[in-house]
Amino acid sequence: MSLPRITIDLDRIDRNARRVRELYARRGVEIMGVTKAVLGCPRVGRALVRAGVATLADSRVENLERLRAGGVAARLVLLRTSPSVAARAVELADLSLNSELATLEALSAACTAAGRSHRVLLMAEMGDLREGVAPAELPALAAAAEALPGLEVAGIGCNLACFGGVAPDAAKMRQLSRLVERVEARIGRRLGIVSGGNSANHDWLVGGGGRGRIDSLRLGELLLLGRETLDRKIVPGLATDAFVLSAEVIESGVKPTAPAGPRGRDAFGELPAFADHGERPRALLALGRQDVRVRGLSPRGGARVLGASSDHLIVEPGRRPLAVGDVVDFDLDYAALLAAMTSPFVCKEFRAQ
Ligand SMILES: *Cc1c(COP(=O)(O)O)cnc(C)c1O
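Residues numbered from 1 in each chain as written. Predicted model: local features only at pLDDT ≥ 70, side-chain atom pairs only at ≥ 80, totals over all residues. Heavy atoms only, no water.

1. What to know about helix α5 (residues 101-114)
Three- or four-residue spacings in an α-helix give side chains the same orientation, since the helix completes a turn every 3.6 residues.
For step 1, the next point in the chain: Taking 1.5 Å of rise per residue, the 14 residues of α5 would be expected to cover 20 Å, and the 20 Å separating its terminal C-alpha atoms lies within 8% of that figure.
For step 2, the next point in the chain: Three or more residues of α5 are buried, namely Thr103, Leu104, Ala106, Leu107, Ser108, Ala110 and Cys111.
For step 3, the next point in the chain: Where the residues of α5 are buried, they touch α4 (86-92), β5 (95-98), β6 (118-124), α6 (138-146) and β7 (151-158).
For step 4, the next point in the chain: Count one or two residues on from α5 and you reach Gly115, which has phi positive near 65°. (Helix = DSSP H or I, 4+ residues; strand = E, 2+ residues; numbered from the N terminus. Expected span 1.5 Å × (residues − 1). Buried < 20%, exposed > 50% of the residue type's maximum accessible area, 1.4 Å probe, protein only. Contact = heavy atoms within 4.5 Å.)

Shown next, in the form of structure tokens:
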């Protein structure tokens, strides 16, 4: 088994997805399982489908292609669309998220060329300042999209807590509910999907204030890592350890805590501060910034991460002494998971009963 390695517990992902799906279904909200943190991994996709998540969503067509090629029996949604991916979007996805007329036109042309139809979810910009059109412009965009051959407006959505960190609270969700009515009045029919956001919407949904017209949420981190994302609180009953990263100790001993000699910047252009605590046990691990986002690592067994360069991680051992060849396990946050899954140096291994 090669190292570094990320072990993916498919049963834990399945259990998380089952619990969230049931909890959300009781509140009238359907979920899309977002797979971009695992690069559209078909085995994770299948675990989600087995748990009853019928729709999987990803921001990249390459990841949707992996899901399709892996035979995952789900409806696929493309979360980020552009003219250059329009043809593949129409081929792979039942639905895509959109906010530009030029892209909608490219999707329509791709539909005509392929003899297919495609559904679109139009995104409103509600204050977080990432994707979406101003709410006032959404009815006109919907009308324009409806007029394009091959396209059907399936619904509207918004995305919060990603760039501006804006909370998807009751006021924002009421605003989205009112907006759907304006769009429906403009196009003269009721829309089937109102997608209120992502894992940051969890507190709003379970808060019990009523969901308004929101009937769908797009969830990645909540299913995979068991946390809502506004305050990164653990959601009761969900596993946060479906992923574990393991790395090998390549040097172990006692070293001074303060650097010796005149100092400049470190390997990444930074000037870290050091306090002199004399000599302490130190372990060097074969893991670095080319494998993972080091700030998102939480070592198990009480060890402490002191820093890292491209290929070396410096650790202070906890209660358990570390010898050369030992393996240290780490829990991961979302950014670390994304980086580790994306690194070609990290071996991906699966665990299931
Ligand atoms: C990544 C993404 C999501 C999922 O976000 P999580 O915080 O992982 O739940 C939802 N919607 C869009 C548009 C995304 O890009």
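The rest of the description comes next.
2. Here we look at the site of the ligand
For step 1, the next point in the chain: Among the 15 residues in the neighbourhood of the ligand, the closest are listed as Lys36, Ser199, Arg218, Gly220 and Glu221.
For step 2, the next point in the chain: One nitrogen or oxygen atom from the side chain of Arg130 is found 3.1 Å from an oxygen atom belonging to the ligand.
For step 3, the next point in the chain: Summarising the interface, the protein chains cover 93% of the accessible area of the ligand, which totals 390 Å² for the free molecule.
For step 4, the next point in the chain: Considered class by class, the residues forming the shell around the ligand number five nonpolar, five polar and five charged. (Near = heavy atom within 4 Å. Polar contact = N/O pair within 3.5 Å; in protein donor to acceptor, adjacent residues only side chain to side chain. Areas by Shrake-Rupley, 256 points an atom, 1.4 Å probe, with all protein chains shown as cover. Nonpolar A, V, L, I, M, F, W, Y, C, P; charged D, E, K, R; others polar.)

3. So, the pattern of salt bridges
For step 1, the next point in the chain: Tallying each qualifying case throughout the model produces 19 salt bridges.
For step 2, the next point in the chain: Here Glu251 ties to Lys255 by a salt bridge, and the two come within 2.6 Å at their closest N and O atoms. (Salt bridge = Lys/Arg side-chain N within 4 Å of Asp/Glu carboxyl O.)

4. Quick word on the nonpolar core
For step 1, the next point in the chain: One finds Phe243 and Leu245 to be the most contacted residues of the largest nonpolar core, which totals 95 residues.
For step 2, the next point in the chain: Among the elements that make up this core, the one with the highest residue count is helix α7 (residues 170-187) (six residues).
For step 3, the next point in the chain: Residues in contact with Phe243, not counting those within four places in the same chain, are Ile6, Thr7, Ile8, Ile13, Val38, Leu224, Leu225, Arg300, Phe330, Asp331, Leu332 and Leu337.
For step 4, the next point in the chain: Judged by nonpolar contacts, the second largest core, of eleven residues, contains Met32, Val77, Leu95 and Leu97. (Core = buried A, V, L, I, M, F, W, Y, C linked by side-chain atoms within 4.5 Å.)

5. Regarding the packing of helix α1 (residues 10-26) against helix α2 (residues 42-50)
For step 1, the next point in the chain: Remark: α1 packs on α2, axes separated minimally by 8 Å, with the N-to-C direction vectors making an angle of 40°. The angle between the axes of α1 and α2 places the two elements in the oblique class. Here α1 runs over α2; the crossing is right-handed. Here α1 contributes Leu10, Ile13, Asp14, Ala17 and Arg18 to the contact with α2, which in turn contributes Arg43, Val44, Ala47, Leu48 and Arg50.
For step 2, the next point in the chain: Residue composition of the contact of α1 with α2, by class: six nonpolar, no polar and four charged. (Axes fitted to C-alpha atoms, helices over the stretch in contact; angles between N-to-C directions. Parallel < 35°, antiparallel > 145°, perpendicular 65-115°, else oblique. Left-handed = near helix turned anticlockwise from the far one by under 90°.)

6. Concerning the environment of Val38
For step 1, the next point in the chain: Mapped onto the secondary structure, Val38 falls in the loop between β2 (30-34) and α2.
For step 2, the next point in the chain: Separated by 278 residues in the primary sequence, Val38 and Glu316 place their C-alpha atoms 30 Å from one another.
For step 3, the next point in the chain: Aside from chain neighbours lying at most four places away, what touches Val38 is Val44, Arg66, Leu224, Phe243 and Met341.

7. Details of the environment of Cys162
For step 1, the next point in the chain: Position of Cys162 among the secondary structure elements: in the loop between β7 and α7.
For step 2, the next point in the chain: Apart from residues lying up to four places away in sequence, Cys162 is in contact with Asp128, Arg130 and Asn198.

8. Topic: the state of the cysteines
What is meant by a disulfide is a covalent connection between two cysteines, made through their sulfur atoms.
For step 1, the next point in the chain: Per the counting criterion, the structure on display carries zero disulfides.
For step 2, the next point in the chain: Just so you know, Cys41 is unpaired, no disulfide at all, and the nearest cysteine sulfur is the one on Cys347, 12 Å from it.
For step 3, the next point in the chain: The thiol of Cys158 is unpaired, and the distance to the nearest cysteine sulfur, on Cys162, comes to 11 Å.
For step 4, the next point in the chain: On the basis of relative accessible area, Cys158 is assigned to the buried category, the value being 0%. (Disulfide = S-S within 2.5 Å.)

9. Quick notes on the side chain of Arg5
For step 1, the next point in the chain: By the secondary structure assignment, Arg5 is in strand β1 (residues 5-9).
For step 2, the next point in the chain: Excluding anything up to four places from it in sequence, Arg5 contacts Val244, Leu245, Ser246, Val346, Cys347 and Glu349.

10. Concerning the packing of aromatic side chains
For step 1, the next point in the chain: One pass over the structure, following the stated rule, counts zero aromatic pairs.
For step 2, the next point in the chain: One cation-aromatic arrangement involves Arg289 over Phe268; the distance from NZ or CZ to the ring centre is 3.8 Å. (Phe/Tyr/Trp six-rings, centres within 6.5 Å; stacked < 30°, edge-to-face > 60°. Lys NZ or Arg CZ within 6 Å of the ring centre and 35° of its normal.)

11. Focus: the pairing of β1
For step 1, the next point in the chain: For β1, the tally of buried residues reaches five of five residues, placing the bulk of the element in the interior.
For step 2, the next point in the chain: The two faces of β1 match: Arg5, Thr7 and Asp9 on one face and Ile6 and Ile8 on the other face are all buried.
For step 3, the next point in the chain: Taken together, the five bridges between β1 and strand β16 (residues 347-351) define a ladder with parallel strand orientation. Bridged to Ile6 within β16 is Lys348.
For step 4, the next point in the chain: Of the pairings in the sheet, the one linking β1 to strand β10 (residues 243-256) comprises four bridges and is antiparallel in character. When the bridges of β10 are listed, Arg5 appears paired with Ser246. (Pairing = 2+ DSSP bridges.)

Everything listed here is a matter of coordinates, which is why it stays silent on function.
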